[in-house]
Amino acid sequence: MRAYLIAFCLGIGWLQQQADLPPASWLWLLPLLSAVLLLPRFSAGSAALLRRAAVALLCAALGVAWATWRAELRLAERLPDAWQGVDIELVGVIAALPHADSRGERFVLDVERVLTPGVPPLPRVQLVRYWPRKGAREARMHAGERWRLTTRLKIPRGTHNPHGFDLEAWMLERGIAASGYVREKPLPQRLAAHATSVGGRIAAARADIRGRIFARLDDSPYAGVIAALVVGDQRSIPHEQWRAFTRTGVNHLLSISGLHVTMIASLAGWLVATVWRRLPRAAERVAARQAGLIAAVLAAFGYALLAGFQVPAQRTLFTLAVLALAFWGRREPRPFSALLWALLVVLLIDPWAVVSAGFWLSFGAMAAILWVSFGRVAGPDKLRGWISVQAAVTLVLAPALFLLFQQVSLVSPFANAVAIPVVSWLVTPLALLGVLVPPLWEASAAVMEWLGSGLAWASTVSWAVMVRPAPQPWAVALALAGTLWLLLPRGFPARALGALLFLPILFSPVETLAPEGFRADVIDVGQGTAILIRTAGHALLYDTGAAFADSDAGERIVVPYLRATGVAELSGVIVSHGDNDHSGGLRSVLRDLRTGWLLHGLPADSALVRGAPQPRRCARGQRWNWDGVRFAILNPSQAAYGQGKRRDNDFSCVLKVSVGAQSLLITGDAERRGELELLESGEDIGATVLVAGHHGSRTSSIAEFVDRVRPQHVVFTVGDRNRFGHPHPAVVGRFREYGAHVLRSDRAGLVRLTFGQAGVTASEYRPAHGRYWHAPQS
C-alpha cells in the first residue's frame, strides 16, 4: 500500500513539472491499467511483481488524472485575456487583512457578483487601492466589508529567473484569478460594514483582534510579531526583524506555521487528556487518549481559522487530522504509513502544494522527527531526545534549504533550541490568551523582546549563514542518503561516513568561463534593469532593479540569483542613474555581497553613495580589461555633470563590453540627447547586442542611433503590461527594419547572452522552463 500511495503522489508531482496539461486522449490507458486488478492474485514470481508494478502505474496515472482535472477547473477561473485592462465592476467581500504601504492599500476580494456584462465569474482577485494624491492617508478598506468596485485587472504574471520565486504558482494555489487596481471613478461604494458571509465575519474578527493588539502594544517593537502569531498577519513584522529571524533560522516560528498549529494542538490535546483521566465517568465512555485527539484537531481547526485559513495552516490541519485517525485505535500506529496518508490527503485537496517550499520543509521535518522518535528499542532521556530531534531536523532540511534557498543558517540549531520552547510554550500561548485577557499581550511582547534582542545579535555574526551555489539534483540525493545514514540507530557501524555524502552539496562546482569571452545575464526584474556580466575571473552588476514598499529587487531577485549561480563577490557595480527602477536594489546588493567598487550616474549628494565602496562617477574615457575582455564607459562626459538643465536619464552610464569583434552596448535610460552625444563622441558605438535605452521608450532609440549601432540582437527590459507602454511599437519596428532579433524580458524572462570570438548565442529562460499555469505570452 505504501508504494501505491507514493505512486499516486508522484503522479501529482509529475504533472506540476509540465509545460502543458496532457490531452484527454491519454485517459484510455486507465481502463487498460484497471484491468490488472481483475487478474488473479499471484503470490510469487515475476507475474506478482508485474501485477504490483501495473497497479503502481495505475495509481500514478490516477494521480496525474486527478491533478489535471483540478488544474483545468482552476485555470478556467482565470481572467480571460480579452478582459485585461478593461473596467470591470465587482461586488465582493474583503476576505483577508488589508495591508497598507507607501503606494496604497492592498487586499484580497472574494467576488460575489460580476456586474459587467459578458465577464465570466471570478472567485477571488487581488487588488490595490492607491492613496489619493492629496489629503491624509487613512485606511479606507477594512476586512469583512462588502464593496462595489470598478477595477482594472490583468492575469497574474511574475518574474522568471532560475531558482526564483514563482508568483503565478503561488496565486494559482490560493485561487486568485486576477490582480489589478481600484478605479476612483465611479467612486467605490461600501455596501456593508459587516458582511454576513462566514469568510467576512472571520476576516472582521481577525481585523478587530489585530487592531486591539496594536492599540495595546503601540510602543512595543514586537507588536507585529504578536499580531503575526495570533492572526497570521506576517506582513506586520518589520523587515529588519524578519531578516534577523531568517538569518537565525527561526522565521518558521514567527508566523502561524505548521509548527505552531501542531504545538497548540498538542497543548490542547495534552490538557484535555490530563483532565479527562481525572473524570472516571467520562473516561469510561471515551478514552482520555481519544478525547485528547479530538481536542487537538479542534484546537488546530480554530487556530487555522484565526490565521485566516491560509494554505500552510490548511495543510497542517489536514495532516494532523489524518495522524489523529491513525492514533485513534488502541494498537500501536505505523507512523510512516500515517505520514503517507497525510501526504495523500494534502495533495488531494491541494495538488499545487508540491511546488511550495513549505510543503517539503514541513513533511521533511515531520519525517525526521518520526525517524528518530519511533521504533527505537530504548528511548533517550528528555534532553538527549530533544537534542536528537533538533539534529535530525537540521540534517534532513539542510539539503532542501540549499536546493530551495542556497543557504543554511549555521546558528539555527542553537537559536531554535532556545526559540522553539520560548515561542511555542510561552510567547504564542500568552499571545493567544491575550485575546481574552489583553494584559497578557504585554507579557508576551516582553518575552519576545528579550528573545528578539538575542536573535538580532546572533544574526550579525559573520558565520551565521552558509551560502552555497544551487546544487545539482544528484548532489541533493546524495546528501539525503548521507542524512539517513547518519541517523541510523546507535551501534550501526560506520555511521559517520554518511557525512562524506554531504561533500558534493557543500562544494558544488561553479560554472567557469574561458578567458577572452564573457556572459551577460539580463535578469528579469519586471519594469527595471539588472544585468550580470561575468568574465573568467570577474563579475560586474549593471543596475539593481527597483525598490518596493517593503523590499527591493536587489534582495528579492538579484542577490538570490547571484548566490544561486555561484557569484559570492562582485568586482564592481555600476548604477546607471538615480531612477528607482535602476538603483532601488543597490542597498541590498552592497549589504549582502562583497563589492570592489561603485561607478554611478547619481547626484553627488545621493544617499545611495554613502558607505559604498570606492564610489566614483561614470565618465567617458574610463576603460579597463578583465581576462581579455574590454570594458569602456562611453557617456556621459565629465563636463556633463556641470550642466544644470540636463535630464536625469541623460546622466545614464553607457557601458560597452567587447571581446574580439563581438560587443554589448548598454545605454541605461539615455534619451535623444544622450544618444546624440554618443553619435558625436567619436567612440565606436557599433554593437552585436544592444540593451535598448529607456526600456524601448519612444524618447530613445532614435533612427540615427539605431543606424549607427546596427545590433544583431536588441533586448528590452520591461515589465508585463507596464503602465508606460514600453517598448513602443514604433521603436520595436525600427529595430526590426534593421533585421535585429528582438528579445523582451516580459516574454523571455531572464535573457542569457554568451559572447566569444566565434559569435553570440542568446537564450530565453521562460520558454524553456514554462509550466502550464504560466500565463500565455501577450
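Residues numbered from 1 in each chain as written. Predicted model: local features only at pLDDT ≥ 70, side-chain atom pairs only at ≥ 80, totals over all residues. Heavy atoms only, no water.

Draft legend 1. Looking closely at the state of the cysteines. Summed over all chains, the structure comprises one disulfide. Across a sulfur-sulfur distance of 2.1 Å, cysteine 618 and cysteine 653 are joined as a disulfide pair. Judged by the sign of its S-S torsion, about 95°, the bond between cysteine 618 and cysteine 653 is right-handed. Here the residue cysteine 618 occupies a position in the loop between β17 (615-617) and β18 (623-626), and cysteine 653 occupies one in the loop between β19 (629-635) and β20 (654-659), the gap between them amounting to 35 residues. Per residue, the accessibility class of cysteine 618 equals that of cysteine 653, and both read buried. Summary of cysteine pairing: cysteine 9 is not part of a disulfide, and the nearest cysteine sulfur, belonging to cysteine 59, is at 10 Å. Cysteine 9 gets classed as buried once you look at its relative accessible area, which sits at 8%. The class of cysteine 59 is buried, set by a relative accessible area of 15%. (Disulfide = S-S within 2.5 Å. Helix = DSSP H or I, 4+ residues; strand = E, 2+ residues; numbered from the N terminus. Buried < 20%, exposed > 50% of the residue type's maximum accessible area, 1.4 Å probe, protein only.)

Draft legend 2. Here's a closer look at the pairing of β19. In terms of residue burial, β19 counts as a mostly covered element, since six of its seven residues are buried. Here β18 folds back onto β19 in antiparallel fashion, the turn holding two residues, of which aspartate 627 has a positive phi close to 55°. (Pairing = 2+ DSSP bridges.)

Draft legend 3. Quick peek at a nonpolar patch on the surface. Together, Trp485, Phe492, Leu497, Leu500, Leu503 and Phe507 make up a nonpolar patch on the protein surface, roughly 600 Å² of accessible area in all. Here leucine 503 is to be found in helix α18 (residues 503-506). Taking relative accessible area as the criterion, leucine 503 reaches 40% and is therefore assigned partly exposed. (Patch = residues over 30% accessible without salt bridge, like charges linked within 9 Å, V, L, I, M, F, W, Y side chains within 5 Å. Areas by Shrake-Rupley, 256 points an atom, 1.4 Å probe, with all protein chains shown as cover. Salt bridge = Lys/Arg side-chain N within 4 Å of Asp/Glu carboxyl O.)

Draft legend 4. Seen up close, unusual backbone geometry. Residue proline 186 is bonded to the preceding lysine 185 through a cis peptide linkage, with omega at 0°. Between histidine 726 and proline 727 the backbone carries a cis peptide bond, its omega angle lying at -10°. The topology assignment puts proline 727 in the loop between β23 (713-716) and α24 (729-737). A positive phi is found at histidine 695, a non-glycine position, where the angle reads about 60°. Mapped onto the secondary structure, histidine 695 falls in the loop between β22 (689-691) and α23 (703-709). For histidine 695, a relative accessible area of 1% puts it in the buried group. Here serine 701, not a glycine, exhibits a phi torsion of approximately 55°, which is positive. Counting through the fold element by element, serine 701 comes out in the loop between β22 and α23.

Draft legend 5. Structural view of the sheet that holds β22. Read across the open sheet, the seven strands follow the order β18-β19-β20-β21-β22-β23-β24; overall the sheet is mixed. Of all strands in the sheet, those bounded by a partner on one side alone are β18 and β24 (741-744). Neighbour to neighbour, the strand axes of the sheet diverge by 15° on average, direction disregarded. Where β22 and β23 come together, three bridges link them in parallel fashion. Residue pairing for β23: leucine 690 is matched across the bridge by valine 714. Relative to β23, α24 is tilted by about 165°, and along the sheet it contacts β22, β23 and β24. (Axes fitted to C-alpha atoms, helices over the stretch in contact; angles between N-to-C directions. Contact = heavy atoms within 4.5 Å.)

Draft legend 6. Spatial organisation of the sheet that holds strand β25 (residues 751-756). One open sheet holds the eight strands; their spatial order is β17-β16-β14-β12-β11-β10-β25-β26, and the pairing between them is mixed. One side of each edge strand has no neighbouring strand; the edge strands of this open sheet are β17 and β26 (759-764). Averaged over all adjacent pairs, the angle separating strand axes in this sheet is 15°, with direction ignored. Looking at chain direction, strand β14 (residues 572-575) and strand β16 (residues 598-600) are connected through three bridges and run parallel.

Draft legend 7. Up close: empty space enclosed by the protein. Summed over the entire model, instances satisfying the criterion amount to three cavities of 30 Å³ or more. Looking at the largest cavity, the residues that line it are Arg74, Leu75, Glu77, Arg78, Pro156, Glu168, Met171, Leu172, Gly175, Ile176 and Ala177. Secondary structure elements with two or more residues in the lining of the largest cavity: α3 (45-76) and α4 (167-173). Looking at the lining of the largest cavity element by element, the count peaks at three residues for α4. Tallied by class, the residues present in the lining of the largest cavity amount to six nonpolar, one polar and four charged. (1 Å grid on protein atoms, 1.4 Å probe; cavity = no way out; pocket = protein on both sides within 12 Å on 5 of 7 lines; lining within 4 Å. Points joined across faces, edges and corners; volume = space filled by probe spheres on them. Nonpolar A, V, L, I, M, F, W, Y, C, P; charged D, E, K, R; others polar.)

Draft legend 8. Spotlight on the nonpolar core. Counting residues in hydrophobic clusters, the biggest one holds 42 residues, and the most contacted among them are Ile226, Val230, Phe245 and Leu254. Listing elements by their share of this core, those giving two or more residues are α5 (198-216), α6 (223-231), α8 (258-277), α10 (288-306), α11 (311-326), α15 (412-433) and α16 (439-459). In this view, phenylalanine 245 contacts Tyr222, Val225, Ile237, Val250, Asn251, Leu254, Met448 and Leu455; residues no more than four positions away in its chain are not counted. Counting 33 residues, the second-largest nonpolar core is a separate cluster that includes Ala520, Val522, Phe651 and Val760. (Core = buried A, V, L, I, M, F, W, Y, C linked by side-chain atoms within 4.5 Å.)

Draft legend 9. Highlighting the environment of alanine 661. Relative to the elements of secondary structure, alanine 661 occurs in the loop between β20 and β21 (662-666). For the pair alanine 661 and phenylalanine 755, spaced 94 residues apart in the sequence, the C-alpha separation amounts to 9.8 Å.

Draft legend 10. Representation of the side chain of threonine 535 within the structure. In this structure, threonine 535 sits in the loop between β11 (531-534) and β12 (539-542). A distance of 2.6 Å separates the side chain of threonine 535 from the side chain of aspartate 627, its partner in a polar contact. Filtering out sequence-adjacent residues up to four positions away, threonine 535 remains in contact with Leu513, Gly517, Phe518, Trp626, Asp627, Val629 and Phe631. (Polar contact = N/O pair within 3.5 Å; in protein donor to acceptor, adjacent residues only side chain to side chain.)

Draft legend 11. Fine view of the pattern of salt bridges. Under the counting rule described, the total for this entry stands at 28 salt bridges. Here glutamate 77 makes a salt bridge to arginine 74, at a shortest N to O gap of 3.8 Å. Look at arginine 74 and you get buried, because its relative accessible area is 19%. A salt bridge links glutamate 671 to arginine 647; the nearest nitrogen and oxygen atoms lie 2.9 Å apart. Of the two residues, glutamate 671 sits in the loop between β21 and α22 (672-680) while arginine 647 sits in the loop between β19 and β20, which places them 24 residues apart along the sequence. What makes arginine 647 exposed here is its relative accessible area of 52%. Members of the salt-bridge network, linked through shared partners, are Arg243, Glu555, Arg591 and Asp592.

Draft legend 12. The arrangement of the packing of aromatic side chains in detail. A full pass over the atoms with the stated rule returns 13 aromatic pairs. Here the aromatic rings of tryptophan 597 and tryptophan 626 are separated by 6.2 Å at their centres, their planes lie at 35°, and the arrangement is tilted. A residue pair is termed long-range when its members are at least 10 positions apart, and tryptophan 597 in the loop between β15 (594-595) and β16 and tryptophan 626 in strand β18 qualify at 29 residues. When sorted by exposure, tryptophan 597 lands in the same class as tryptophan 626, which is buried. Ring centres 6.0 Å apart and planes at 75° place the aromatic pair phenylalanine 716 and phenylalanine 735 in the edge-to-face group. Of this pair, phenylalanine 716 sits in strand β23 while phenylalanine 735 sits in helix α24, placing them 19 residues apart in sequence. (Phe/Tyr/Trp six-rings, centres within 6.5 Å; stacked < 30°, edge-to-face > 60°.)

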